[in-house]
Amino acid sequence: MHVFICDFLLDIVQNSFEAESRRVELSLEETDTRLVCQVRDNGKGMDEAVKNRVLDPFYTDGIKHVKRKVGLGLPFLIQACEACNGDFSLESELGVGTTISFSFNLNHMDTPPFGDLPSTILVLMSHPLAEELLVKRSLATCKGSGEYELSKTELEDVLGPLNTSGTLNLLKEFLVSQEEDLKQFYIEHTLSKA
Amino acid sequence: MGRMTLEELRKLRDEKQNALQKRDIEGKDCRVVVGMGTCGIAAGAKVVLDTFLQILDENKIENVSVTQTGCMGLCYVEPTIEVFVPGMPNVIYGKVDAATVKKIVEQHIIGKSLVTDHMFDRPAADIISKDGGR
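Small disclaimer: the values here were computed from a predicted structure and weren't measured.

A. Representation of the pattern of salt bridges. Applying the stated criterion across every chain yields a total of 16 salt bridges over all chains. One salt bridge in this structure joins Asp50 of chain B and Lys172 of chain A, with 3.5 Å as the shortest N-O distance. Residue Asp50 of chain B is located in helix α3 (residues 45-58), and its partner Lys172 of chain A is located in helix α6 (residues 165-182); the two belong to separate chains. With a relative accessible area of 16%, Asp50 of chain B lands in the buried category.

B. Representation of the side chain of Thr100 of chain B within the structure. Residue and element names in this part refer to chain B. Checked against the element boundaries, Thr100 lands in helix α4 (residues 98-110). What makes Thr100 buried here is its relative accessible area of 3%. Apart from residues no more than four positions distant in its own chain, Thr100 is found in contact with Lys95 and His118.

C. Geometry of helix α5 (residues 152-159) of chain A. Residue and element names in this part refer to chain A. Among all positions of α5, only Lys152, Leu155, Val158 and Leu159 are buried. Along the axis of α5, the buried positions cluster into a sector of 125 degrees, meaning they face one direction only. A positive phi of about 85 degrees marks Gly160, the residue just after α5.

D. Highlighting the sheet that holds strand β1 (residues 31-35) of chain B. Residues and elements named next belong to chain B. Across the sheet, 4 strands lie side by side as β2-β1-β3-β4; this open sheet has mixed pairing. Both outer strands of the open sheet, β2 (65-69) and β4 (91-93), are each paired with one neighbouring strand and no more. Taking the axes of each pair of neighbouring strands and ignoring which way they run, one obtains an average angle of 25 degrees across the sheet. Looking at chain direction, strand β3 (residues 81-84) and β4 are connected through 3 bridges and run antiparallel. For Glu82, the partnering residue across the bridge sits in β4 and is Ile92. This element, α3, spans β1, β2 and β3 of the sheet and lies at about 160 degrees to β1. Where α4 meets the sheet, its contacts fall on β1, β3 and β4, and the angle it forms with β3 comes to roughly 30 degrees.

E. Structural context of the packing of helix α4 (residues 117-125) of chain A against α3 of chain B. Following both chains from N to C, one finds α4 of chain A and α3 of chain B inclined at 90 degrees, their axes separated by 10 Å at the closest point. When the axis of α4 of chain A is compared with that of α3 of chain B, the two are roughly perpendicular. Contacts between α4 of chain A and α3 of chain B involve Ser119, Thr120, Leu122 and Val123 of chain A from the first element and Lys46, Leu49, Asp50 and Leu53 of chain B from the second. Split into classes, the residues belonging to the contact of α4 of chain A with α3 of chain B amount to 4 nonpolar, 2 polar and 2 charged.

F. Here's a closer look at the sheet that holds strand β4 (residues 97-105) of chain A. All names here are of chain A. Spatial strand order, β3-β4-β2-β1-β5-β6: 6 strands in an open sheet with mixed pairing. Every interior strand has two partners, whereas the edge strands, β3 (88-93) and β6 (144-151), have only one. Neighbouring strand axes in the sheet, compared pairwise and without regard to direction, differ in orientation by 5 degrees on average. The pairing of strand β1 (residues 23-31) with strand β5 (residues 132-141) spans 9 bridges and is classified as parallel. What sits directly across from Glu29, in β5, is Ser138. Docked against the sheet, α5 engages β5 and β6, running at close to 70 degrees with respect to β6. Sitting on the sheet, α6 is in contact with β5 and β6, with an inclination near 160 degrees to β6.

G. Layout of the environment of Gly71 of chain A. Residues and elements named next belong to chain A. Tracing the backbone shows Gly71 in the loop between α2 (48-53) and α3 (73-83). Expressed as a C-alpha distance, the spacing of Gly71 and Thr60, which sit 11 residues apart in the sequence, is 4.9 Å. Look past the residues within four positions of Gly71 in its chain and what remains in contact with it is Asp56, Pro57, Tyr59 and Thr60.

H. Highlighting the interface of chain A and chain B. Contact with chain A, which involves 42 residues of that partner, is made by 36 residues of chain B. Sorting the residues of chain A by area buried against chain B places Val158, Ser165 and Leu170 of chain A first, and these three jointly supply 17% of that buried surface. The tally of links between chain A and chain B comes to 3 salt bridges. Residue Asp181 of chain A is joined to Arg3 of chain B by a salt bridge in which the shortest nitrogen-to-oxygen separation is 3.3 Å. Run the count over chain A and chain B and you get 19 residue pairs in polar contact (both at pLDDT 80 or more). Looking at the side of chain A that touches chain B, the elements with two or more residues in it are α1 (5-18), α3, α4, β6, α5 and α6 of chain A. When residues of the side of chain A that touches chain B are assigned to their parent elements, the largest contribution, 11 residues, is made by α6 of chain A. Along the lines of polarity and charge, the residues of the side of chain A that touches chain B split into 15 nonpolar, 16 polar and 11 charged.

I. Region of interest: a nonpolar patch on the surface. On the surface, Phe58, Val70 and Leu72 of chain A cluster together to form a nonpolar patch covering roughly 270 Å² of accessible area. For Phe58 of chain A, the location among the structural elements is in the loop between α2 and α3.

J. Fine view of the confidence of the model for chain B. Residue and element names in this part refer to chain B. For chain B, per-residue confidence averages 84 on the pLDDT scale, and residues scoring 70 or more make up 83% of the total. For chain B, per-element mean pLDDT is lowest for helix α5 (residues 125-128), which scores 48, and highest for β1, which scores 95. Within the model, the stretch residues 127-134 combines pLDDT values under 50 with 13 contacts to residues more than four positions away or in other chains.

Definitions and limits used
Residues numbered from 1 in each chain as written. Chains lettered and ligands numbered in written order. Predicted model: local features only at pLDDT ≥ 70, side-chain atom pairs only at ≥ 80, totals over all residues. Heavy atoms only, no water. Salt bridge = Lys/Arg side-chain N within 4 Å of Asp/Glu carboxyl O. Helix = DSSP H or I, 4+ residues; strand = E, 2+ residues; numbered from the N terminus. Buried < 20%, exposed > 50% of the residue type's maximum accessible area, 1.4 Å probe, protein only. Contact = heavy atoms within 4.5 Å. Arc of directions from axis to C-beta. Pairing = 2+ DSSP bridges. Axes fitted to C-alpha atoms, helices over the stretch in contact; angles between N-to-C directions. Parallel < 35°, antiparallel > 145°, perpendicular 65-115°, else oblique. Nonpolar A, V, L, I, M, F, W, Y, C, P; charged D, E, K, R; others polar. Buried area = accessible area lost by both parts, 1.4 Å probe. Polar contact = N/O pair within 3.5 Å; in protein donor to acceptor, adjacent residues only side chain to side chain. Patch = residues over 30% accessible without salt bridge, like charges linked within 9 Å, V, L, I, M, F, W, Y side chains within 5 Å. Areas by Shrake-Rupley, 256 points an atom, 1.4 Å probe, with all protein chains shown as cover. pLDDT = per-residue confidence, 0-100.

Structure follows, in structure tokens:
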């Protein structure tokens, strides 16, 4: 099981890259009480039968690992969302793409800690199968609001291929500065009494 | 430090590239592949990748290729990484933590000797058959 919300994001967005998507959009909207996430891709999509089966931890397409009988990415996510009264929904159309929306109730005791978002985005941006990844991140609390947007092709245009240690360290510095800018609006979450 | 713009990032890259050309290029053609499947993520593969970048940076090595792959079939010893260094055998290390990353960079990539206590050989059987039993 994953420790951080970021671990779930990493795991789920990778699915989109592996589904032959040209373009993947990750949106993260955080407020005082909720984190609403959406992963939208234009990959190969799933038909109705597969769409229902991917929610089962004992289903996998068997392409990456021929003899394997488990696929834990989505089941882990659903379990984590349900544990904290969050939502989960999956829409998919064969040949068109897949959209996964989910949310975490940030005041709930069983919500995982957020984790390190800059290093998560770094790993996703440098994923070898990622052609275009758009990240939209916003934070709106009682202290005010801020947001930033990132695009893989734009970053590659500036830095060159995102695959050597020097380049990735520069990208990390850039991503940390984006998130740092939102820190002023961040509030400590208090557990609800319920 | 305020929020960096793309222009500032471009400038920073240009500065770094100029400095780079004056140094010899250690780490060239070296490649590190981090197993980033569900199993790897759960075991802390992201921290391992982060630590790699940090320690390579501390050693001023800019040219090591750092990429990721899915599960390598060794879920029981995650996090796993594969290291390619010219003139050395390709090795899969398992149970990698921050201390092991430091050893791998200093001993394997710089020192050209294997870190024998974390070696877990090749990918597991279900993957080997796929790429010709390498």
